[in-house]
Amino acid sequence: MTGGETPRRPRPTDATRGPGPVGPRPRPTDATRGPRPAGPRPRPAGATPDPGPAGARPRPAGPIRSPGAVGYAQLWRADPDAWLATGAAWRGLAGPVRHRAAGLAARAGALRPGWSGAASTAAQRRLGELRASLTEVLPALVEVDQTLAEFASRVGAAKARLDAEVVRAESGSLRVDRSGTVRPDPARPVVRTGPAVVRAQAGIRDALALAGAADREAADRLAAVATAATTGWVSVPPAWRPGPGAGPAEVSRWWAGLSPAERRWLVGHEPGRVGHLDGVPVTARDQANRLLLADRREELLARRLALRRPLPAGPAEVARRARLAGVEAALRGLDGLAERLATSGAPRAYLLGLDPAGDGRAVVALGNPDRAGAVLTYVPGMTADLADAPAELGRAARVLERCAAIGPGEEAAAVLWLDYDAPDFLPEASGTRPAEAAGPALHRFQEGLRATHDGPPARQTVLGHSYGSLVVGTAARDHGLGADALVFVGSPGVGVDHAAELRMPAGQVWASTAPDDVIRLAHPPDELARRAVLAGTPLGPVLAAHDRHSERLWFGADPSAPGFGGRRFPSGRHGHTGYWDADNPALDGMARIVLGR
């Protein structure tokens, strides 16, 4: 579809119908009209865009069906990026809707001083109703985007599986025709190719089944939103809320007992509660936190404004300048996250937590952890804060990209978990207090991922870098972690002397330390003093070579040492921060652990 065209009003349709509009266009009031999303026009569920020749108008194709000629050809032509762009366009309507709602509020405020009486009261009430109607649609706009993004992700996975099966079949001297039928090469004996034909056909059938399931689910979700446009977007939920001590499982049961309209009400009216509550599904948390994004930025802008007034020369002025620099860095980090959240490309980003207070905190997922079969939670280390969040998210993205390269068709997600106050300076980083304070929150987050996951349990991997490895190890030791594997890179010790103390399945504690990582020098103070004494003696080098304490680091045994009892994977000479470099074998190692390979 050319860039100037706009989507028609989507309607829920049966996935087996021919070309026609698909997906709900929320219409609570006429006020949502105006700017329409650009990008491809929504088509019926399963009718994926056919790019056609360059510059040509895409032609709608038939639905993705069960294995057969149409389903095979349809999946080959599917364009997940077009669905991502369409979802982002619907999400983009939130800006104009907020603008119109703010305009109504401003007009009501302008009328209030000079107008009173029954007519004034009625007008104020009507303006309030119109503004409420506008704000009520905001979560639904994000909901449509999430639905289309997840549909695109699963169709992309199905295409990758289909491509891998066809390549495998053709490399084995089999032939796959345009209908998806696998036939043996006539030049080879059937007794040798028969089993291979069966395997290839089964793989193609599985890819088509995944696409068909994604199609049906997306059609159902869009139909539900379309129904809400006529029956009402929101409904006031019961007054009871989970208490501060409620676990993720209890929160999940509470959320499951609410109707979709009640959930939308909570997202719109209590986004601060919903957005950071472990046990609430990822999609709802993302909707809530996106509603708060502009307010969080305003908080930082207000702090910056308050800090811009100079003080008399002295320690107070030095402190003011340092705080101002920190706020400005946090603003740049927040804007970087906002830019990534607005991106229409894959994988879609989900905002699971954001707090600008102090150094700032953020929890961001790439891909939906509730739907993925493999999930990585990455915990960064010393100095990590809101200013660093975009760069830290880039590290998680590189692991996810390598997962896609190693396992085409695997559905994986990665989470940046920066929901703790990481130490800023070495004196703080020399103690365990920040790690111990972070432990309960990391435990709850992982339990929340378990509680909200759809379908069979995902493989959950928690990765800690540098001081973040101590956070992960302390949480596992003291609280237990809902994880299938722990990974430590560039670790100064994880708070235990043996892998068995981390309460993980045997063989699922992994570590890597680069040969040139300075963290290898982070020995305990008494060990450093002893080494200094030994270095001044003639037998120092000999004793050092047989030193039974050489595997001890600042926070316990080196997790990458043989005596720790974990498993090791290699890293090249990339220093303390290069584990995510493209040519470092450690990146492959992390991705393979995430995928369980």
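Parameters and conventions
Residues numbered from 1 in each chain as written. Predicted model: local features only at pLDDT ≥ 70, side-chain atom pairs only at ≥ 80, totals over all residues. Heavy atoms only, no water. Helix = DSSP H or I, 4+ residues; strand = E, 2+ residues; numbered from the N terminus. Buried < 20%, exposed > 50% of the residue type's maximum accessible area, 1.4 Å probe, protein only. Contact = heavy atoms within 4.5 Å. Areas by Shrake-Rupley, 256 points an atom, 1.4 Å probe, with all protein chains shown as cover. Pairing = 2+ DSSP bridges. Axes fitted to C-alpha atoms, helices over the stretch in contact; angles between N-to-C directions. Right-handed = clockwise from strand over helix to strand, strands pointing away. Core = buried A, V, L, I, M, F, W, Y, C linked by side-chain atoms within 4.5 Å. Phe/Tyr/Trp six-rings, centres within 6.5 Å; stacked < 30°, edge-to-face > 60°. Lys NZ or Arg CZ within 6 Å of the ring centre and 35° of its normal. Expected span 1.5 Å × (residues − 1). Arc of directions from axis to C-beta. Polar contact = N/O pair within 3.5 Å; in protein donor to acceptor, adjacent residues only side chain to side chain. Salt bridge = Lys/Arg side-chain N within 4 Å of Asp/Glu carboxyl O. pLDDT = per-residue confidence, 0-100.

Points about the overall build of the protein chain
Broken down by element type, the protein chain carries 18 helices and 14 strands. Taking all 597 residues of the protein chain together, the buried fraction comes to 51%. For the protein chain, the proportion of contacts with a sequence separation of at least 24, taken over those separated by at least 6, is 72%. Summed over all atoms, the accessible surface of the protein chain reaches about 26,400 Å², with 56% contributed by carbon and sulfur.

A closer look at the sheet that holds strand β11 (residues 509-512)
Pairing within the open sheet is mixed, and its eight strands lie in the order β5-β6-β8-β7-β9-β10-β11-β14. Edge positions in the sheet fall to β5 (349-355) and β14 (567-568), since each of these pairs with one other strand and no more. In the sheet, strand β6 (residues 361-366) pairs with strand β8 (residues 412-418) via five bridges, with the strands oriented antiparallel. What sits directly across from Ala-365, in β8, is Val-415. Packing of helix α11 (residues 315-342) onto the sheet brings it into contact with β5 and β6, and relative to β5 it is tilted by some 155 degrees.

Points about the pairing of β8
Where a strand is regular, its side chains alternate between the two sheet faces. The buried fraction of β8 amounts to six of the seven residues, a majority that puts the element mostly inside the structure. Pairing of strand β7 (residues 374-379) with β8 involves five bridges; the strand directions are parallel. Directly across from Val-375, in β8, lies its bridge partner Ala-413. At this point the chain moves from β7, through helix α12 (residues 389-406), to the parallel β8, and the crossover so formed is right-handed.

Quick word on the nonpolar core
Nonpolar side chains tend to gather and get buried jointly when the protein is soluble and globular. Counting residues in each nonpolar core, the largest one holds 90 residues, and the members touching the most others are Trp-417 and Leu-486. Considering every element that reaches this core, the biggest residue donor is α12, with eight residues. Non-local contacts of Trp-417, meaning those with residues more than four positions away in its chain, are made with Ala-362, Val-363, Thr-377, Tyr-378, Val-379, Pro-380, Ala-438, Ala-441, Leu-442, Phe-445 and Val-471. In this structure, Tyr-72, Leu-148, Leu-222 and Ala-246 belong to the second largest nonpolar core, which totals 59 residues.

As for the packing of aromatic side chains
The final tally for this structure, using the stated rule, is seven aromatic pairs. Consider the rings of Tyr-579 and Trp-580, whose centres lie 6.3 Å apart with planes at 85 degrees: the pair is edge-to-face. In this pair, the class of Tyr-579 matches that of Trp-580, namely buried. Of the aromatic side chains, those joined through ring pairs into one cluster are Tyr-378, Tyr-579 and Trp-580. Positioned above the aromatic ring of Tyr-350 is the side chain of Arg-348, whose terminal nitrogen or guanidinium carbon lies 4.7 Å from the ring centre.

Concerning helix α3 (residues 94-111)
With 18 residues, α3 should reach 26 Å at 1.5 Å per residue; the first-to-last C-alpha distance of 26 Å fits that figure. Of the positions making up α3, those classed as buried are Ala-94, Val-97, Ala-101, Leu-104 and Ala-108. Taken end-on, α3 shows its buried residues confined to a sector of 90 degrees, consistent with a single buried face. Seen from the open side of α3, the exposed residues pointing more than 90 degrees away from its buried face are His-99, Ala-106, Arg-107 and Ala-110. As for α3, its buried residues are in contact with α2 (80-92), α4 (118-136) and α5 (138-171).

Side note on the side chain of Arg-320
Relative to the helices and strands, Arg-320 is located in helix α11. Given the relative accessible area of 7%, Arg-320 is considered buried. Among the polar contacts listed, one links the side chain of Arg-320 to the backbone oxygen of Leu-307, at a separation of 2.4 Å. Apart from the residues lying within four places of it in its own chain, the contact partners of Arg-320 are Leu-307, Arg-308, Arg-309, Pro-310 and Leu-311.

A few points about the pattern of salt bridges
Going through the model one piece at a time under the given rule, you end up with 27 salt bridges. Note that Glu-410 and Arg-597 form a salt bridge whose closest N and O atoms lie 3.0 Å from each other. Here the residue Glu-410 occupies a position in the loop between α12 and β8, and Arg-597 occupies one in the segment after α18 (585-595), the gap between them amounting to 187 residues. Overall, the relative accessible area of 40% leaves Glu-410 in the partly exposed class. Arg-597 sits in the exposed class, given a relative accessible area of 51%.

Some remarks on unusual backbone geometry
Backbone phi values are negative for most residues with the exception of glycine, while trans is the configuration of most peptide bonds. In this model, Ala-346 is joined to Pro-347 through a cis peptide bond whose omega is -5 degrees. Structurally, Pro-347 can be placed in the loop between α11 and β5. The residue Thr-383 is not glycine, and still its phi comes out positive at about 75 degrees. Counting through the fold element by element, Thr-383 comes out in the loop between β7 and α12.

Description of the confidence of the model for the protein chain
The predicted model of the protein chain has a mean per-residue pLDDT of 83, with 83% of residues at 70 or higher. Taken together, the stretch residues 1-70 has pLDDT below 50 and engages in 166 contacts with residues farther than four places along the chain or on a different chain.

Topic: the side chain of Ser-491
Along the chain, Ser-491 turns up in the loop between β10 (485-489) and β11. Here Ser-491 falls in the buried class, since its relative accessible area comes to 1%. Within the local environment of Ser-491, its side chain forms a polar contact with the side chain of Ser-469, the two groups lying 2.8 Å apart. There is a polar contact of 3.0 Å between the side chain of Ser-491 and the backbone nitrogen of Gly-493. Not counting chain neighbours up to four residues away, the residues in contact with Ser-491 comprise Ser-466, Ser-469, Thr-513, Ile-519, Leu-553 and Pro-559.

Topic: the environment of Gly-180
Note on placement: Gly-180 falls in the loop between β3 (174-176) and β4 (182-184). Sequence spacing of Gly-180 and Val-166 is 14 residues, and the spatial spacing of their C-alpha atoms is 8.8 Å. Among residues more than four places away in sequence, those in contact with Gly-180 are Tyr-72, Gln-201 and Ile-204.

So, the pairing of β10
Counting buried positions over the five residues of β10 gives five, a clear majority of the element. Of the two faces of β10, the one lined by Ala-485, Val-487 and Val-489 and the one lined by Leu-486 and Phe-488 are each fully buried. By the bridge criterion, five bridges tie strand β9 (residues 459-465) to β10 in an arrangement that is parallel. Bridging across to β10, Thr-461 finds its partner in Ala-485. Bridge analysis of β10 against β11 gives four bridges, and the strand direction is parallel. Bridge pairing in β11 links Val-487 to Trp-510.

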